[in-house]
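# Descriptive structure summary
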Amino acid sequence: MTTEKEEEEKRLEEKMKELENDSGFNQPMETGVVIPTPDKNNKKNLVFDEERFEDTFLKCLICRETFDEDEKMPKMLPCHHTFCLDCLKQMFRVEGEFRRNLTSAFRSMPVAVKISCPTCREGLIASEAEILRLPNDHTVRELVAFVRCTGKPDVAYCKKHQMQPLNFFCEPCITPVCRDCTVIDHKEKNGHIVMNVEEALHKYVPVLDETLTEMESEEKTLHDKRMALEKASDNLEQIQKELGVQIRQTFDRIRDAIDERERELYTAAEHEIDKKRQEISDQLELALNREETFKSERMKLNTAKETKNIAAMFSNHQSAREALMEKVTVHGPSRAIRDFAVSFQFNSRQENNIRHYISNFGDVTFKNA
């Protein structure tokens, strides 16, 4: 049984054979990447091959993302082809969903499914746990770690001269340049001052630090002013609320006083009218009672007369005379009642003065500190 170390050596050997096979990287892969033939006499092509090597061997051929130590961990299939863990788990889920929809025998995700290597189509029957236990491709992990440590992806290259690093800086043009630019487009005899990038950084970093310090100081000043303005704005909001409460309370008191005076006048008018109403009501009741008495006595006397009842005639006549002789005085409307009238008396000038006083009542004064 081969050990893990032997498998790594075998994997590295296979990669080296792929690099050295007949057409030199001209083998097309399923991902569509075609790597050009390296020219040993052309240094630029060698740099270009390094770039393509990283893109081809240090990235998952399915998702085209760089391998890492987490979900993009490089996992080696039994056929020695490597893909990231995330893509293999996705392949398992897709195949499991397909199998579950294919037959009703699977009410849930199947425990194990068959997945095929995207490169050589070799099949592998595995569960999700077994996919997690697939061996890591340590060669790829070491290469990824090496590229990350060297900082190679941070290198900037000249757009005009293919794959030439921008190792110089032209001061008058304020632009990074490559070695070819220094002898073609940025010659010193033409007034260009070219210096090494490190030299330019040494020269300009202190200037930038000074500018950054000034900006930080100005930023702090602006921050303090902004905080003061925000506090002043909050104070204005509070002042407005308190002012609104004071104005409302003042005019509520005035309205309460006006309402109270209105109720007093209404009560006084109602009291006087009720007195006159009671006086009329008493006389009206007395008149109604006397009227009913005379009507009753008159009807009894007429009945006795019509029936020629002598006894009733005399007794009813006596009762009628007693009613007439009764000293009950019913007064008609007195002059005080006939001429009674109520009106709301007010001084129009006083009203105008009150209106004018209210329109000018109170003031809002502003005091600047």
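Along each chain, numbering runs from 1 in the same order as the chain's sequence is written. The predicted origin of the model limits local features to residues at a pLDDT of at least 70 and limits the giving and counting of side-chain atom pairs to 80 or more, whereas totals for whole chains, interfaces and linings rest on all residues. Calculated side-chain values reflect all of the structure's heavy atoms, with hydrogen atoms and water omitted.

Under an unreviewed UniProt entry, the name given to the protein is Tripartite motif-containing protein 59, and the source organism is Magallana gigas.

## Here we look at the overall build of the protein
Just so we agree on the cut-off: A run of H or I in DSSP counts as a helix once it spans at least four residues, and a run of E counts as a strand once it spans at least two, with each numbered from the N terminus. Here, two residues are considered to be in contact whenever any of their heavy atoms come within 4.5 Å of each other. For the accessible areas, the method is Shrake-Rupley and the probe is 1.4 Å, while residue cover comes only from the protein chains on display.
Within the protein one finds 10 helices and seven strands. Pairs at least 24 residues apart make up 46% of the contacts formed inside the protein by residues separated by at least 6 positions. Accessible area of the protein: about 27,900 Å², with a carbon and sulfur share of 55%.

## A short note on the pattern of salt bridges
Operational definition: In what follows, salt bridge is the name for a side-chain nitrogen of Lys or Arg lying within 4 Å of a carboxyl oxygen of Asp or Glu. Each residue is assigned to one of three classes by its accessible area relative to the maximum for its type, calculated with a 1.4 Å probe on protein chains only: buried under 20%, partly exposed between the two thresholds, exposed over 50%.
Following the criterion strictly, the structure yields 16 salt bridges and no others. The residue Asp86 makes a salt bridge to Lys72 at a minimum N-O spacing of 3.4 Å. Residue Asp86 is found in helix H3 (residues 85–102), and its partner Lys72 is found in the loop between helix H2 (43–57) and strand E1 (74–76); the two are separated by 14 residues along the sequence. Here Arg290 and Glu326 are joined by a salt bridge, their closest N and O atoms 3.1 Å apart. Taken together, the residues Arg290 in helix H7 (residues 197–307) and Glu326 in the loop between helix H8 (310–325) and helix H9 (335–338) connect sequence positions 36 residues apart. For Arg290, a relative accessible area of 11% puts it in the buried group. Each of Glu65, Lys72 and Asp86 takes part in one network of salt bridges that share partners.

## Points about the nonpolar core
Formally: For the purposes of this section, nonpolar cores are sets of buried Ala, Val, Leu, Ile, Met, Phe, Trp, Tyr and Cys residues that join through side-chain atoms within 4.5 Å.
Ranked by size, the top nonpolar core spans 24 residues in total, and within it Leu77, Phe83, Leu88 and Ile131 carry the most contacts. Put simply, the parts of the chain that give this core at least two residues each are strand E2 (82–84), H3, strand E3 (112–116), strand E4 (123–127) and helix H5 (138–150). If one sorts the elements of this core by residue count, H3 sits on top with five residues. Among residues more than four places away in sequence, those in contact with Leu77 are Phe83, Leu88, Cys117, Leu124 and Leu134. With six residues, the next largest nonpolar core counts Cys158, Val177, Cys178 and Cys181 among its residues.

## Digging into the state of the cysteines
Cut-off, in case you're wondering: Two cysteine sulfur atoms make up a disulfide if the distance between them is within 2.5 Å.
Taken as a whole and judged by the stated rule, the model has zero disulfides. The structure places no disulfide on Cys158, whose sulfur is separated from the nearest cysteine sulfur, that of Cys178, by 3.7 Å. Exposure remark for Cys158: the relative accessible area of 10% places this residue in the buried category. Not engaged in a disulfide, the cysteine Cys178 finds its nearest cysteine sulfur in Cys181; these two sulfurs lie 3.5 Å apart.

## Brief notes about the packing of aromatic side chains
In this description, an aromatic ring pair is defined by two values, namely the gap between the centres and the angle between the planes. Note the cut-off: Pairing of aromatic rings covers Phe, Tyr and the six-membered ring of Trp, with a centre-to-centre limit of 6.5 Å; geometry is then stacked below 30 degrees between planes, edge-to-face above 60, and tilted otherwise.
Evaluation of the coordinates by the stated rule reveals three aromatic pairs. Here the aromatic rings of Phe169 and Tyr204 are separated by 6.1 Å at their centres, their planes lie at 65°, and the arrangement is edge-to-face. Residue Phe169 is found in strand E5 (residues 168–170), and its partner Tyr204 is found in helix H7; the two are separated by 35 residues along the sequence. Assessed through its relative accessible area of 16%, Phe169 is described here as buried. Its relative accessible area of 29% is what places Tyr204 among the partly exposed residues. With a centroid separation of 5.7 Å and an interplanar angle of 85°, the aromatic rings of Phe251 and Phe361 are classed as edge-to-face. Placement of the pair is Phe251 in helix H7 and Phe361 in the segment after helix H10 (348–359), with a sequence separation of 110 residues. Clustering of aromatic rings is evident, with ring pairs tying together Phe251, Tyr357 and Phe361.

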